[in-house]
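Each chain is listed here by its residues.
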Amino acid sequence: MVDYSLQLLFDKKALREVKDAKQRIMLAKPVNGESPNVIWLSIDPFQSTEVTWSEEYGIYASNAAFKHGANIVKISETGVPAQDGAFYTLTPETVFEGPVSDGSVPRGTFAAHNHVPFNADPSLTFGLTQSALINQEPAERKPISATPVLATQSVTMTPFTYVYVWLQSEFRSETIISRIFGTHTVAKFGGGVNDITLQYNAQLGKFTPRDE
């Protein structure tokens, strides 16, 4: 299990301006190589904020509409960690069963079948969840992705270790977004990079490596 740590820093003047603007730190993660479409964590900024997490995921289902600004309310979820390289099935009773491995799902990828009948719900939103600690306070099983899945159909989800970071005032955690509104920075974890420190640069309006 790999552990990651992201340190986010503000100087006093920049922090005061950000708080006066009622902005928060947004974190999001890409899945399937696409741009993030869910705000994973929305954080009230401090001069120093540390976010830590492990590469463990769960799978959720929600009846939230797949649209910008929709809040994800989970109706079912697997245990954590879910097994990669295997399928889970959401039963007509909206309970996840599994995992079942038949060799069709590669390692590092999570998959689910939607067996909720069409007449009960034509489409549900599926995605991955991941927990974190924010200054040692737990944020449990927060969605990191969202995909509409029609009744009887399936979804595969491959998470990436990169984290997108930006400031925004509009949304909170567990919100579906159509795109990132703000100047974002990508913290490129993985490949031996487990710890990253970023400093907010008020002139650029984004986070930059601390030594820049």
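The following refers to the structure shown. Owing to the predicted nature of the structure, the values given are computational and were not obtained by experimental measurement.

Definitions and limits used
- Residues numbered from 1 in each chain as written.
- Predicted model: local features only at pLDDT ≥ 70, side-chain atom pairs only at ≥ 80, totals over all residues.
- Heavy atoms only, no water.
- Pairing = 2+ DSSP bridges.
- Helix = DSSP H or I, 4+ residues; strand = E, 2+ residues; numbered from the N terminus.
- Axes fitted to C-alpha atoms, helices over the stretch in contact; angles between N-to-C directions.
- Salt bridge = Lys/Arg side-chain N within 4 Å of Asp/Glu carboxyl O.
- Phe/Tyr/Trp six-rings, centres within 6.5 Å; stacked < 30°, edge-to-face > 60°.
- Lys NZ or Arg CZ within 6 Å of the ring centre and 35° of its normal.
- Core = buried A, V, L, I, M, F, W, Y, C linked by side-chain atoms within 4.5 Å.
- Buried < 20%, exposed > 50% of the residue type's maximum accessible area, 1.4 Å probe, protein only.
- Contact = heavy atoms within 4.5 Å.
- Arc of directions from axis to C-beta.
- Polar contact = N/O pair within 3.5 Å; in protein donor to acceptor, adjacent residues only side chain to side chain.
- Lys, Arg positive; Asp, Glu negative; His and termini not counted.

1. Focus on the sheet that holds strand E10 (residues 110-114)
So, step 1. With mixed pairing, the 4 strands of this open sheet are ordered in space as E9-E8-E10-E14. In the strand order of this sheet, the two ends are held by strand E9 (96-100) and strand E14 (154-157), each with one partner. Averaged over all adjacent pairs, the angle separating strand axes in this sheet is 20°, with direction ignored.
So, step 2. Across 4 bridges, the pairing between E10 and E14 is antiparallel. Its bridge partner lying in E14, His-113 is registered against Ser-154.

2. Observations regarding the pattern of salt bridges
So, step 1. The full count for this structure, using the stated rule, is 7 salt bridges.
So, step 2. Taking the shortest distance from any N to any O, the salt bridge between Lys-13 and Glu-17 comes out at 2.6 Å. With Lys-13 and Glu-17 both in helix H1 (residues 12-20) and 4 residues apart, the pair spans about one turn of that helix.
So, step 3. Members of the salt-bridge network, linked through shared partners, are Lys-74, Glu-77 and Arg-141.

3. Some thoughts on the packing of aromatic side chains
So, step 1. Following the criterion strictly, the structure yields 9 aromatic pairs and no others.
So, step 2. Arranged with centres 5.5 Å apart and planes meeting at 80°, the rings of Phe-10 and Phe-207 form a pair that is edge-to-face. One end of the pair, Phe-10, is in the loop between strand E1 (3-9) and H1; the other, Phe-207, is in strand E19 (residues 206-209), with 197 residues separating them in the sequence.
So, step 3. Cation over ring: Lys-19 sits above Phe-46, and NZ or CZ is 5.3 Å from the ring centre.

4. Quick look at the sheet that holds strand E4 (residues 41-43)
So, step 1. Across the sheet, which stays open at both edges, the 4 strands sit in the order E4-E2-E15-E17 with antiparallel pairing between neighbours. The open sheet terminates on both sides in strands that have one partner only, identified here as E4 and strand E17 (185-187). Averaged over all pairs of adjacent strands, the angle between their axes in this sheet comes to 25°, without regard to strand direction.
So, step 2. As defined by bridge partners, strand E2 (residues 24-28) adjoins E4 across 3 bridges and the pair is classed as antiparallel.

5. Overview of the nonpolar core
So, step 1. Counting 44 residues, the largest nonpolar core has Leu-6 and Leu-27 as the members making the most contacts within it.
So, step 2. Ranked by residue count, the leading element in this core is strand E11 (residues 123-134), at 5 residues.
So, step 3. If we ignore the near neighbours within four places in the chain, the residues touching Leu-6 are Leu-27, Thr-49, Glu-50, Val-51, Trp-53, Val-163, Val-165, Ala-187, Phe-189, Ile-196 and Leu-198.

6. Overview of H1
So, step 1. Along H1, the residues that are buried comprise Ala-14, Leu-15 and Val-18. Buried residues along H1 cover an arc of 100° about the axis, so they all sit on one side. Turned more than 90 degrees away from the buried face of H1 sit Lys-12, Lys-13 and Asp-20, all of them exposed.
So, step 2. The N-terminus of H1 is capped by Asp-11, whose side-chain oxygen sits 3.2 Å from the backbone nitrogen of Lys-13.
So, step 3. Downstream of H1 by one or two residues, Lys-22 has phi in the positive range, about 55°.

7. Some points on the environment of Leu-133
So, step 1. Counting through the fold element by element, Leu-133 comes out in strand E11.
So, step 2. Sequence spacing of Leu-133 and Leu-27 is 106 residues, and the spatial spacing of their C-alpha atoms is 13 Å.
So, step 3. Excluding residues within four positions of it along the chain, Leu-133 makes contact with Glu-50, Val-51, Thr-52 and Pro-138.

8. Some thoughts on the side chain of Arg-24
So, step 1. Along the polypeptide, Arg-24 turns up in strand E2.
So, step 2. The buried charged residue Arg-24 lacks any salt bridge partner; its closest oppositely charged side chain belongs to Asp-44, at an N-O distance of 4.5 Å.
So, step 3. A distance of 2.8 Å separates the side chain of Arg-24 from the side chain of Ser-42, its partner in a polar contact.
So, step 4. Not counting residues within four places of it along the chain, the set of residues in contact with Arg-24 comprises Ser-42, Ile-43, Asp-44, Pro-45, Trp-166, Leu-167, Gln-168 and Arg-172.

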